Amino acid sequence: MRKANKEQKQIRKPKPIFVVITVFMALCACFTLFWYIRSMLPVKKFVVSGATQYDKMEIIEASGIKEGDRLYKIDADKVEEKLLEECLYFDSVKVEKKFPNTVIFRVEEKLAQWYIQVSDSYYALDSDMLVIEETYSNEKFVKGGVPRLILPNLSRLMCGEKPTFGSNEAEVERVEALLKEIQEMTFKSRLTLVDMESRFDIAVEVDGKFDVYIGDPTNVSEKLTAVEHILKTDALKNSAGASINAAIPSQVHVDKIYVAE
């Protein structure tokens, strides 16, 4: 009798392997159901993360994603490629799909380092000299402290490309190297114009009121440093404008144009 009871108890006791399998299958079913429900939900919300000059609706339109699209059908990699092609100011963009119905655009933008004026059009250039925008007003460049750039023998400007300028490849390389040098200076933030139209008569404008003659392209950083030192002294403290010759950095010559009353 005791033996029979013992056998019954052994039959009723579930084996551990069956418990594990049952729990695993239940988890798989829940996981599958969760992803199925998630994939079938339509997109209802868009979020833009990061500072950008593009309007939210412009980004959504450029992405090609529409409200009501199924989350599972969105190819994030392809959308990112499309946005980088359409929005030239974007340095990088990450597209994320967030449960239950949200698409997030995480954006990092390029900064305009220069702008070029051609007739009534203005073209913004990034640090690699790529044209990232064409606009019909320079107001935001002036307010943002972006200096105007004049290039030698400029013949073509196209968004997404480098400007076509210079009489030969050597001149192009020389100008780009010089602009890179200027760009790395802290004094660059005070420049409002860089005129490189003539190789041996380079000139810049500082603070929108000081005309600085640089001359040839040698020792440009040294020349600008000398100008910066002059501007920090009291020599031009009450001046509303001046003409500065910095062709010889050790002998910077200053002529006040007029003095504010």
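Here, the structure is the one placed above.
Right, let's walk through the structure included here. (Residues numbered from 1 in each chain as written. Predicted model: local features only at pLDDT ≥ 70, side-chain atom pairs only at ≥ 80, totals over all residues. Heavy atoms only, no water.)

1. A look at the packing of aromatic side chains
- Under the definition given, this model contains five aromatic pairs.
- On the basis of an interplanar angle of 15° and a centroid distance of 5.1 Å, the ring pair of Y115 and F141 is categorised as stacked. With a gap of 26 residues between them, Y115 in strand β4 (residues 114-118) and F141 in helix α5 (residues 139-143) connect regions that are remote in the sequence. Accessibility assignment for this pair places Y115 and F141 in one class, buried.
- Taken together, the aromatic side chains of Y54, Y89 and F90 make up a single cluster linked through ring pairs.
- Positioned over the ring face of W114 is K188, at 4.7 Å from the centre of the ring. (Phe/Tyr/Trp six-rings, centres within 6.5 Å; stacked < 30°, edge-to-face > 60°. Helix = DSSP H or I, 4+ residues; strand = E, 2+ residues; numbered from the N terminus. Buried < 20%, exposed > 50% of the residue type's maximum accessible area, 1.4 Å probe, protein only. Lys NZ or Arg CZ within 6 Å of the ring centre and 35° of its normal.)

2. Brief notes about the packing of helix α3 (residues 56-63) against helix α4 (residues 76-86)
- Contact geometry for α3 and α4: axes closest at 8 Å, N-to-C directions at 120°. Judged on the interaxial angle alone, α4 and α3 are oblique. Classified by chirality, the crossing of α4 by α3 is right-handed. Taken together, the residues of α4 that come into contact with α3 (itself represented by I59, A62 and S63) are V79, K82, L83 and E86.
- Among the residues making up the contact of α3 with α4, the classes are represented as four nonpolar, one polar and two charged. (Axes fitted to C-alpha atoms, helices over the stretch in contact; angles between N-to-C directions. Parallel < 35°, antiparallel > 145°, perpendicular 65-115°, else oblique. Left-handed = near helix turned anticlockwise from the far one by under 90°. Contact = heavy atoms within 4.5 Å. Nonpolar A, V, L, I, M, F, W, Y, C, P; charged D, E, K, R; others polar.)

3. Observations concerning the packing of helix α6 (residues 169-183) against helix α7 (residues 220-232)
- Contact geometry of α6 with α7 gives a least axis separation of 10 Å together with a crossing angle of 35°. When you trace α6 past α7, the crossing you get is right-handed. Facing L178, E181 and I182 of α6, the residues of α7 in contact are V220, S221 and L224.
- A breakdown of the residues in the contact of α6 with α7 according to their chemical character gives four nonpolar, one polar and one charged.

4. Quick look at the nonpolar core
- Ranked by internal contacts, the top residues of the largest apolar core, which has 35 residues, are L149, L179 and V194.
- Among the secondary structure elements, those contributing two or more residues to this core are β4, β5 (121-125), α6, β8 (191-195), β9 (202-206), β10 (210-215), α7 and β11 (239-245).
- Those residues in contact with V194 that sit more than four places away from it in its chain are W114, R148, L149, I150, L179, I182, A203 and V204. (Core = buried A, V, L, I, M, F, W, Y, C linked by side-chain atoms within 4.5 Å.)

5. Let's talk about the pairing of β8
- Note: strand β7 (residues 148-150) against β8, three bridges, orientation parallel. Pairing of L149 across the sheet is with V194, part of β8.
- This β-α-β element, β7 to α6 to β8, shows left-handed connectivity.
- Sheet analysis places β8 next to β9, joined by four bridges and oriented antiparallel. Pairing of D195 across the sheet is with A203, part of β9. (Pairing = 2+ DSSP bridges. Right-handed = clockwise from strand over helix to strand, strands pointing away.)

6. A short note on the pairing of strand β3 (residues 102-109)
- One ladder, built from five bridges, connects strand β1 (residues 45-49) with β3; its direction is parallel. The partner of V48 across the bridge, within β3, is F105.
- As paired strands, strand β2 (residues 90-98) and β3 are joined by eight bridges and run antiparallel to one another. Paired with V95 across the two strands is F105, which belongs to β3.

7. Topic: the sheet that holds β2
- In space, the three strands of this open sheet follow the order β1-β3-β2, with mixed pairing throughout. The sheet terminates laterally at β1 and β2, the two strands that pair on one side only. Along the sheet, successive strands turn relative to each other by an average axial angle of 20°, direction set aside.
- Across the sheet, α3 touches β1, β2 and β3, and the angle it forms with β1 is around 110°.
- The strands that α4 touches are β2 and β3; relative to β2, the one it contacts most, it runs at about 150°.

8. Quick look at a negative patch on the surface
- Together, D75, D77, E81, E85 and E86 make up a negatively charged patch on the protein surface.
- Topologically, E85 is positioned in helix α4.
- You can call E85 exposed: its relative accessible area is 61%. (Patch = residues over 30% accessible without salt bridge, like charges linked within 9 Å, V, L, I, M, F, W, Y side chains within 5 Å. Areas by Shrake-Rupley, 256 points an atom, 1.4 Å probe, with all protein chains shown as cover. Salt bridge = Lys/Arg side-chain N within 4 Å of Asp/Glu carboxyl O. Lys, Arg positive; Asp, Glu negative; His and termini not counted. Charge placed at Lys NZ, Arg CZ, Asp CG, Glu CD.)

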